[in-house]
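Per-entry structural report
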Amino acid sequence: MPPFSAVLQNQTSRVLVVDDLPDNSFLIQAILIDEGYEIQVEDNGFTALEQIKQNPPDLLILDVMMPHMDGYEITQKIRQDSELPIFPILLITAHDTPSAVMGLDVGADDFIRKPVEVAELLARVRSLLRLKHTMDERDRIARQREDFVSRLTHDLRTPLVAADRMLELILEEGFGPLSPDLQEILATMASSNQNLLDLVNNLLQVYRFESGLYPLEFTSLDLGQVIRGVMQELTPLCERKGLEISCSIQSEPLKLTGDRLEIRRLLTNLLGNAIKFTSQGEIRVQVLRHPQGAQYPDAPAVEIQVADTGIGIPQPIQADLFERFKTGGHSACGSGLGLHVSRYIVEAHQGTIQVISTPGVGSTFTVMLPQVQQSLALP
């Protein structure tokens, strides 16, 4: 790959000049063409906006004083259109500083006063285009990274799933009896493979959420039914460790609008962590219904508490616990992605998640969710 500076030097930048006076636009066009820029000219805001929607420029040079639609209004319309990419806007004004400040407030990136000086115009154009191309390069690298993560996790997941199924079949003695020593070795291999598969699944899920490529499917679900299904799957883990697990749900059936798969994933993460970090005592799930509250004044809310009597989480770590790759500070902690994914799931349901924990006493994770979603958009 050539150096980034070389990319900029070989890249022809498209500049759109909007001015209702032909003499002004001709002067700017002549100056910039000599510098090798590709120039387009429009004489009013309406045709300029249509041109921008069809083919956004690398830089917009915009006169402030124009009839029907001035430069401030054009700038504001561009910045309010979420479908348009970000590109720099250079305002040309004959007014004083307050006028320029107003332009910057509505979304312009820089301004230049009339009469235009050639050296100053070229310097500001170069500066804004460097900014634009730097942003484009950053976005390109980010897209490449996201694509790499997506492909890598997908390619890793396929053989891990196959290995998981094969190890499960061998442990069930589908290919013949196993000695105790071999059973122990294969059980360790299966556990390690499952941990790696969980890590890959979490990485893939984080990528999907962060890239906005994972729209949720909201339906009406029975929250109590989902919770009991997760508890039933995890009860054998509790029995192996001698832990009690219980659930208390207020006013069943408790209906919730949400993505069943992701709500299940959230509960599995929270209950799985509680079991993992509790060596004795109990795991308690409590679900409360709030008719209305300060957080959701227009809709009833559901509060889900997952409490344990485990090792707890040190206070300094709690604030960043839901960030990517942040762990609870214990040697048994995993990648730090499970709670990060959980936060995404909760926020996608317009909810909140928090933790209260005391080392040596236990932890309580509290999730607040509106029962009815006001919007189905991801955060």
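Throughout what follows, the structure given in this document is the object of discussion. (Residues numbered from 1 in each chain as written. Predicted model: local features only at pLDDT ≥ 70, side-chain atom pairs only at ≥ 80, totals over all residues. Heavy atoms only, no water.)

**Section: the packing of aromatic side chains**
Short version of the rule: Whether two aromatic rings pair depends on their centres lying within 6.5 Å, for rings of Phe, Tyr and Trp, where Trp uses its six-membered ring; planes under 30 degrees apart make the pair stacked, over 60 edge-to-face, and the rest tilted. Strands here are runs of E lasting at least two residues and helices are runs of H or I lasting at least four, both read from the DSSP assignment and numbered beginning at the N terminus. Classification of residues uses two cut-offs on accessible area relative to the type maximum, computed with a 1.4 Å probe and protein chains only: under 20% is buried, over 50% is exposed, and between them is partly exposed. For a Lys NZ or an Arg CZ to count as sitting over a ring, it must be within 6 Å of the ring centre and within 35 degrees of the ring normal.
The tally for this structure, following the rule as stated, stands at one aromatic pair. Between Phe322 and Phe365, the aromatic rings sit 6.2 Å apart at their centres with planes inclined by 90°, giving edge-to-face as the arrangement. Residue Phe322 is located in the loop between helix 10 (315-318) and helix 11 (338-348), and its partner Phe365 is located in strand 12 (residues 362-370); the two are separated by 43 residues in the primary sequence. Taking relative accessible area as the criterion, Phe322 reaches 9% and is therefore assigned buried. The lysine or arginine in question, Arg343, covers the ring of Tyr344, its NZ or CZ lying 5.3 Å from the ring centre.

**Digging into the sheet that holds strand 4 (residues 89-93)**
Convention followed: DSSP calls a pair of strands paired once it identifies at least 2 bridges connecting them. Inter-axis angles, ranging from 0 to 180 degrees, are taken between N-to-C directions of lines fitted to C-alpha atoms, where helices are fitted over the stretch in contact. Any pair of residues with heavy atoms lying within 4.5 Å of one another is described as a contacting pair.
Strand order in the open sheet made by the five strands is 2-1-3-4-5, with parallel pairing throughout. In this open sheet, the two edge strands, each paired with only one partner strand, are strand 2 (38-42) and strand 5 (110-113). Neighbouring strand axes in the sheet, compared pairwise and without regard to direction, differ in orientation by 20° on average. For strand 1 (residues 14-18) and strand 3 (residues 59-63), the ladder comprises four bridges, and the chain directions are parallel. Of the residues in strand 3, the one forming a bridge with Val17 is Ile61. With respect to the sheet, helix 2 (residues 22-33) is in contact with strand 1, strand 2, strand 3 and strand 4, its orientation differing from that of strand 2 by roughly 170°. Lying over the sheet, helix 4 (residues 71-80) contacts strand 3 and strand 4, oriented at roughly 170° with respect to strand 4.

**What to know about helix 8 (residues 223-241)**
Basically, it comes down to this: What a helix should span is 1.5 Å times the count of its residues minus one. The seven residues ending at a residue and the seven starting there each receive a fitted axis; the angle between those axes is the bend at that residue. In protein, a polar contact means a hydrogen-donor-capable atom and an acceptor-capable atom, both N or O and within 3.5 Å, with residues adjacent in sequence counting only if both atoms are side-chain atoms; elsewhere, any N or O pair within 3.5 Å suffices.
The end-to-end C-alpha distance of helix 8 is 27 Å, a good match for the 27 Å that 19 residues give at a rise of 1.5 Å each. A bend of about 45° at Leu234 is the largest found in helix 8, and the proline Pro236 appears one to four places after it. Summarising the contacts, the buried residues of helix 8 are in contact with strand 6 (219-222), strand 7 (244-249), strand 8 (255-258), helix 9 (260-276), strand 9 (282-290) and strand 10 (301-308). Two or three places before Gly224, at the start of helix 8, stands the capping residue Asp222, its side-chain oxygen 3.1 Å from that residue's backbone nitrogen. Count one or two residues on from helix 8 and you reach Gly242, which has phi positive near 70°.

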